[in-house]
Amino acid sequence: MNSIHPHLTICAAEAARVARAVSPDQLTMPSVCDAWTVRELANHLVLYSSHGLEHRALRVQLPDELVQRDFTAEADWAEQYAGRLERALKAWSVPEAWEGEVDLGFTVMPAAEIASLIVKELALHGWDLARSTGQVFSLPEATGAFVLTVVEEHAEVYRQYDGFASPVPTAGDATAFERALATSGRDPRA
């Protein structure tokens, strides 16, 4: 097993925990992500961090019906999300998943880089969902440090496409994950 898979597992467990605590009435509320409701944020998280994670491991494109689907329309969406995350983690548990490149349809990237970006997706959007619904999203320092590395490596590209806002200041004693959030334009103190 490579060094990224444990971070995937940790972030997936935390994202699933947060999703399970989202109440149906919270889905219509605004999220901390500009112009997205909690429902839209949850759907983005489910699509790209579970279905996307599994499809990337299997080298299969995401079908259009998944991209358009409202996962949160089903009462047990959070349990389905947790199950899909388990399937995705299992797909990445085989050495072959980490070999070669993954065709995203618009670019081709090394498999390990794709997995790293999905760790970032789980952590940042998991935090967004937690913050939007009055929860806390926490990671061990080593996983936070890994997320920070990925965020720092890709921040400028994400900013070019409005995926990240301008960085915000952090306290001197900020954790690695708080620094990752701040680098991505999220205020961990808000």
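As the structure is a computational prediction, the values presented were derived from the model and not from experiment.

Peer 1: Describe the packing of aromatic side chains, and please don't skip the residues or the numbers.
Peer 2: The tally for this structure, following the rule as stated, stands at 3 aromatic pairs. Ring geometry for W92 versus W98: centroids 4.7 Å apart, planes at 65 degrees, classification edge-to-face. Since its relative accessible area comes to 15%, W98 is described here as buried. Between Y158 and F164, the aromatic rings sit 4.7 Å apart at their centres with planes inclined by 20 degrees, giving stacked as the arrangement. In this structure Y158 comes out as partly exposed when scored by relative accessible area, which is 24%. Accessibility expressed as a relative area gives 6% for F164, which makes it buried.

Peer 1: Which residues make up the pattern of salt bridges, and what values do they have?
Peer 2: Tallying each qualifying case throughout the model produces 10 salt bridges. Taking the shortest distance from any N to any O, the salt bridge between R20 and E79 comes out at 2.7 Å. With R20 in helix α1 (residues 5–20) and E79 in helix α4 (residues 77–91), the pair connects residues that are 59 residues apart, well separated along the chain. When the shortest N-O distance is used, the salt bridge between E54 and R87 registers 3.1 Å. Within this pair, whereas E54 is found in helix α2 (residues 38–58), its partner R87 is found in helix α4, the two being separated by 33 residues in sequence. Taking relative accessible area as the criterion, R87 reaches 46% and is therefore assigned partly exposed. Linked by salt bridges that have partners in common, E54, R84 and R87 make up one network.

Conventions used here
- Residue positions are given per chain, counting from 1 as you read along its sequence in written order.
- Per-residue local features of the predicted model are confined to residues with pLDDT of at least 70, and side-chain atom pairs are confined, for both listing and counting, to 80 or more; whole-chain, interface and lining totals are unaffected and use all residues.
- The basis for every side-chain value is the complete set of heavy atoms in the structure, and neither hydrogens nor water enter the calculation.
- Only centres within 6.5 Å qualify two rings of Phe, Tyr or Trp (six-membered ring in Trp) as a pair; their planes then separate them into stacked at under 30 degrees, edge-to-face at over 60, and tilted for everything else.
- Only protein chains enter the accessibility calculation, which uses a 1.4 Å probe; a residue whose area is less than 20% of its type maximum is buried, one above 50% is exposed, and one in between is partly exposed.
- Salt bridge criterion: a side-chain nitrogen from Lys or Arg within 4 Å of a carboxyl oxygen from Asp or Glu.
- Strands here mean DSSP runs of E at least two residues long; helices mean DSSP runs of H or I at least four residues long; both are numbered from the N terminus.

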